[in-house]
Amino acid sequence: MAFQILLNIGLAFIWMLLQNEYTFLDFFIGYLVGVALLYVLRRFLHFDFYFRRVIALFKLLILFMYKLILSNIDMIKIVLSPKMNIQPGIIAIPTKLRTDWEVTLLANLISLTPGTLTMNFSENGRTLYVHSIHVPDKEKAIEEIRQSFERAIMEVTH
């Protein structure tokens, strides 16, 4: 992947040299031409196109911002309600993520959303123990985390 990025930047500089214009716009156009060229060559050189992971990373960031906004709205509803109608709980979330880096990223994304906190890991590091301020259905909460954050992390890293 790093080789593809360097190759793409090199193609952008070559584009600038061929155009005899040294502006950011020409570099950007050359970069886009390089992305298109690498996309076409991916079948012949048998490599995974790196820009797919860049797009998946942006999807993960947008998903996190969306979940952050939703959880903030939920927390505002809980705080401003006259009666505390919450069901706090601790849930164990088994994960399919392979590396410690991926599990740590998942734990951080969970902890950064208001109302949830990753408390501990299992001995093998593949189960997260999460405290949530309002969890009426534990299975639904586990499935929601697995279908959102875990799937998005797997798209970025695999």
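On a predicted model such as this, the values are computed, not experimentally measured, just so you know.

Draft legend 1. Structural detail: the sheet that holds strand β2 (residues 116–121). With antiparallel pairing, 3 strands are arranged side by side in an open sheet as β1-β3-β2. Of all the strands in the sheet, the pair left with one neighbour each is β1 (89–94) and β2. If you compare each strand with its neighbour and ignore which way they point, the axes differ by 30° on average. Of the strand pairs in this sheet, β1 and strand β3 (residues 127–132) are connected by 6 bridges, and their pairing is antiparallel. Across the sheet, residue isoleucine 93 finds its bridge partner in β3, namely leucine 128. Against the sheet, helix α4 (residues 100–112) makes contact with β1, β2 and β3, and its axis sits at roughly 145° relative to β2, the strand it touches most.

Draft legend 2. Molecular detail of the UniProt feature "transmembrane region" (unreviewed entry) in the chain. The UniProt record marks residues 22–41 and 50–69 with the feature "transmembrane region" (unreviewed entry), using the residue numbering of this structure. In residues 22–41, helix accounts for 90% and strand for 0%; the two terminal C-alpha atoms are 26 Å from one another. Annotated as 95% helix and 0% strand, the span residues 50–69 places its first and last C-alpha atoms 29 Å apart.

Draft legend 3. Structural view of the environment of glycine 30. One can find glycine 30 in helix α2 (residues 24–45). Residue classification places glycine 30 among the buried residues on the basis of a relative accessible area of 1%. In this view, glycine 30 contacts Leu11, Ala12 and Trp15; residues no more than four positions away in its chain are not counted.

Draft legend 4. The pairing of β3, seen in detail. Inspection of the sheet shows β2 paired to β3 by 5 bridges, in the antiparallel sense. Considered in β3, the bridge of leucine 117 is made with histidine 131. Adjacent in sequence and paired antiparallel, β2 and β3 are bridged by 5 residues, among which glycine 125 carries a positive phi angle near 80°.

Draft legend 5. Fine view of a nonpolar patch on the surface. Together, Tyr39, Val40, Phe44 and Leu45 make up an exposed nonpolar region whose accessible area comes to about 450 Å². Note that tyrosine 39 resides in helix α2. Classification of tyrosine 39 as partly exposed rests on a relative accessible area of 43%.

Draft legend 6. Quick look at the pattern of salt bridges. Throughout the structure, instances matching the rule amount to 3 salt bridges. In this structure, lysine 67 engages glutamate 144 in a salt bridge whose closest nitrogen and oxygen atoms are separated by 2.9 Å. Placement of the pair is lysine 67 in helix α3 (residues 51–80) and glutamate 144 in helix α5 (residues 138–157), with a sequence separation of 77 residues. Judged by its relative accessible area of 17%, lysine 67 is buried.

Parameters at a glance
- Residues numbered from 1 in each chain as written.
- Predicted model: local features only at pLDDT ≥ 70, side-chain atom pairs only at ≥ 80, totals over all residues.
- Heavy atoms only, no water.
- Pairing = 2+ DSSP bridges.
- Helix = DSSP H or I, 4+ residues; strand = E, 2+ residues; numbered from the N terminus.
- Axes fitted to C-alpha atoms, helices over the stretch in contact; angles between N-to-C directions.
- Contact = heavy atoms within 4.5 Å.
- UniProt positions renumbered as here; feature names shortened; annotations may be inferred.
- Buried < 20%, exposed > 50% of the residue type's maximum accessible area, 1.4 Å probe, protein only.
- Patch = residues over 30% accessible without salt bridge, like charges linked within 9 Å, V, L, I, M, F, W, Y side chains within 5 Å.
- Areas by Shrake-Rupley, 256 points an atom, 1.4 Å probe, with all protein chains shown as cover.
- Salt bridge = Lys/Arg side-chain N within 4 Å of Asp/Glu carboxyl O.

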